[in-house]
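# Inside the fold
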Amino acid sequence: MCGIIGVTLRRGCLGGNAVPLLLEGLRRLEYRGYDSAGVALQVCEDGSCSLRVYKAKGKVEEVIARYGLDKLEALTGLGHTRWATHGPPSDVNAHPHLDCRGEIAVVHNGIIKNYASLRKMLEEKGHVFRSETDTEVVAHLLEELVASGMGMLEALGELVKLLEGSFALAILYARDPGRIYFARRESPLYAAIGECVSAVSSDIPSLLHISRDIVAVEDDEYGYIGPGTLELYRDGRRVDWRTRVKRVEWSVEEASKGGYPHYMLKEIMEQPRAVYETLVGLLEDPAAVEAAGLLAGASRVYATGAGTSYHATLVFKHFMHVYAATPVYDYISSEHEEYESVIREGDVLVAVSQSGETLDTLAAVKAAKARGARVVAVTNVVGSTLSRIADVTVYTRAGPEIGVAATKTFLTQLVALTYLAALVGRETGRLDEGDVGRIVESLRRGREAARSAERLNPHIKLLASILLRGRTRSMFLLGRLLGAHLAREAALKVKEIAYLHAEAYPAGESKHGPIALVEDGFPVLFVGTPGVEKRLYSNMEEMKARGAKVIVVGVDSYGDAPADYKLLVGSYDEVAAPYALMPPLQLLAYHLAVLQGYDPDKPRNLAKTVTVE
Ligand code: M6R
């Protein structure tokens, strides 16, 4: 789980120095991994070129400052941000990695599964390894193939056949000035082609300052970029990429913090616009109708995702039951093997992933497809791997999300999935056009509902400080039905960025065990969705009787709740309520993190997109 980038520039273009473009891309990739960083520059003098590598453990800015990278010049270079898989974070394990002669530099995202046997074979041939990484075998393997008489392009074709596992690779070869070689399998890789500059990278936002004309590199493709050019191959044959160019309209500004101290806060505050744009996009998207048709005709409907995206599938299940009376079998994507013997032809799997690159979710999709199921993808990234392997893709329009914690992408997933469930209800005859219209009207209220973040922010901050003053290390988050699903998502946020134990379960479960944990002052937060008020009040009383500090974040009908602390978000029906309830819950996690001095954008041990098993 890393970010890779390579940039190559024609002499005389754009200030004649690719290093600022490379470093800007690297900064934008840091969300993918931030335990180490490095660059390799190709420096040419008197007709011959050599490689210079600068790398270290630490964040991108620390590595830039350590070597004064922003003062260097080169026309061609690679960059890497690391999230360790093989070998702990260290200067030597940081990428780029070199071959024995220092002529081939490699940056890599993914995992080379057969690296141990390849390393053994290469060491027997005399190659000397410096790091503990799986990546270094690539540099030595290419050195070996080139030494056998192949050109770098041919060697790359062989390499793709020899490697097992997942990889996005960018490679610099000292003897080929101005070229960056690349190859891809499973890990994401995109190419940007400008007038006199080209780049490859793990994601699209890190390329937008270079060019908006983007080509997604597919599995087992390889090739090279030169300034303003791309050469793409598969199995030794040239691939025509020109018909695959997509013009990306995201503003670069969208990828910056926009005046907020953290991306997460900015992204929470952006939710009104994100849910609105997603709804507007969906209403005009024939893919939504196509997906609903597929779901309505399915023998059985499954839904999968990881983390936040999995929680979105639970909300989908809820609305499919209410609107379409269609059972939905949900599963966490990393558990897909549990379902492989039961999924079959005629079934439809709804796969939810903001990035569209989460390896567990892609594996679940591939397994379901292999069993004959059709796949509906819900993703935020146009052209992502998930979108390319699904039968139908419904896009959310949250824009790029930089904070590791999913916020606006969750709410936009709910818009897409609730709308989809309503369309399935219509297709199956349970709802009529008027019902769908009313659901859409409620979704429209999502925009105004999500403004609860701005209004309630000071109160949430106060609540967070009260909880921390009470030395909170553990809490329960409870709800019923839809509220239980939202509580699970809120608990994930608290764990992920505030490093506090937060457990969510349906409120009615308390008396079957968890309530034994409750003692004087133990915080229990109830997510108050409409329609379950009275039953939640009973659960609140049970908690209070055991000394719990009871907090409610609820719609206005919770005004009478027997709680110590109440945050009312406004009056909303079940469709619109999540858009009012989730932002304060996300803000609670945010303030719990910031008040403890943690960086909510880069929680420890995590990365934005998990491209390993
Ligand atoms: O890109 P995806 O939606 O597939 O990512 C899935 C999870 O890794 C992700 O939602 C994760 O749980 C979030 N960081 C939670 O905030």
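Details of the structure are given in the entry above.
This text gives an overview of the structure that appears in the document. All of these numbers come straight from a predicted model, not from anything done at the bench.

## Thoughts on helix α14 (residues 452–469)
- Between its first and last C-alpha, α14 extends 25 Å over 18 residues, near the 26 Å set by a 1.5 Å rise per residue.
- Its axis deflected by about 45° at P458, α14 carries its strongest bend there.
- Buried within α14 we find S452, A453, L456, N457, I460, L463, A464 and L467.
- One or two residues past the end of α14 sits R471, with phi positive at roughly 60°.

## Some thoughts on the sheet that holds strand β14 (residues 237–238)
- The antiparallel open sheet is built from seven strands, whose spatial order is β5-β6-β7-β8-β12-β13-β14. The open sheet has two edge strands, β5 (97–98) and β14, and neither has a second partner.
- In the sheet, β5 pairs with strand β6 (residues 104–112) via two bridges, with the strands oriented antiparallel. If you follow L98 over to β6, its bridge partner there is A105.
- With respect to the sheet, helix α5 (residues 152–162) is in contact with β6, β7 (165–173), β8 (180–185), β12 (221–226) and β13 (229–234), its orientation differing from that of β12 by roughly 150°.

## Remarks on the sheet that holds strand β15 (residues 246–247)
- Spatial ordering of the open sheet is given by β3-β2-β4-β1-β10-β9-β11-β15, a layout of eight strands whose pairing is antiparallel. Both edges of this open sheet fall to β3 (48–57) and β15, since each of them pairs with a single strand only.
- When strand β11 (residues 213–216) meets β15, the two strands line up antiparallel, connected through two bridges. Among the inter-strand pairings, I214 is bridged to a residue of β15, identified as K246.
- Most of the contacts of helix α1 (residues 19–29) go to strand β1 (residues 3–9), to which it runs at about 165°, and overall it touches β1, β2 (36–45), β4 (76–82) and β10 (197–201).
- Across the sheet, helix α2 (residues 60–67) touches β2, β3 and β4, and the angle it forms with β3 is around 125°.

## Looking at the site of the ligand
- Taken together, 14 residues lie near the ligand, and S309, S353, S355, T358 and E496 sit nearest.
- At 2.9 Å from an oxygen atom of the ligand is found a main-chain nitrogen or oxygen belonging to A406.
- Contact distances for the ligand include 2.7 Å between a nitrogen atom and a side-chain N or O atom of E496.
- When contributions to the shell around the ligand are tallied by element, the ones reaching two or more residues are α9 (307–324) and α15 (482–498).
- Among the residues forming the shell around the ligand, the class breakdown is five nonpolar, seven polar and two charged.
- Taken domain by domain, the shell around the ligand gets at least three of its residues from each of domain 2 (266–450) and domain 3 (452–594).

## Some thoughts on the packing of aromatic side chains
- The final tally for this structure, using the stated rule, is 12 aromatic pairs.
- Between Y302 and Y339, the ring centres sit 6.3 Å apart and the planes meet at 75°, which makes this aromatic pair edge-to-face. Taken as a pair, Y302 in strand β16 (residues 301–305) and Y339 in the loop between β17 (328–332) and β18 (348–353) lie far apart in primary sequence, 37 residues in all.
- When its relative accessible area of 22% is taken as the criterion, Y339 is described as partly exposed.
- Through a chain of ring-to-ring contacts, three or more aromatic side chains come together here, namely Y302, Y329, Y331 and Y339.
- If you follow R179 out to its NZ or CZ, it ends over the ring of Y224, 3.8 Å from the centre.
- The positively charged end of R447 is found above the aromatic ring belonging to Y276, 3.8 Å away from the centroid.

Rules behind the numbers
Residues numbered from 1 in each chain as written. Predicted model: local features only at pLDDT ≥ 70, side-chain atom pairs only at ≥ 80, totals over all residues. Heavy atoms only, no water. Helix = DSSP H or I, 4+ residues; strand = E, 2+ residues; numbered from the N terminus. Expected span 1.5 Å × (residues − 1). Bend = angle between axes of the 7 residues up to and from the residue. Buried < 20%, exposed > 50% of the residue type's maximum accessible area, 1.4 Å probe, protein only. Pairing = 2+ DSSP bridges. Contact = heavy atoms within 4.5 Å. Axes fitted to C-alpha atoms, helices over the stretch in contact; angles between N-to-C directions. Near = heavy atom within 4 Å. Polar contact = N/O pair within 3.5 Å; in protein donor to acceptor, adjacent residues only side chain to side chain. Nonpolar A, V, L, I, M, F, W, Y, C, P; charged D, E, K, R; others polar. Domains from an automatic or database assignment. Phe/Tyr/Trp six-rings, centres within 6.5 Å; stacked < 30°, edge-to-face > 60°. Lys NZ or Arg CZ within 6 Å of the ring centre and 35° of its normal.

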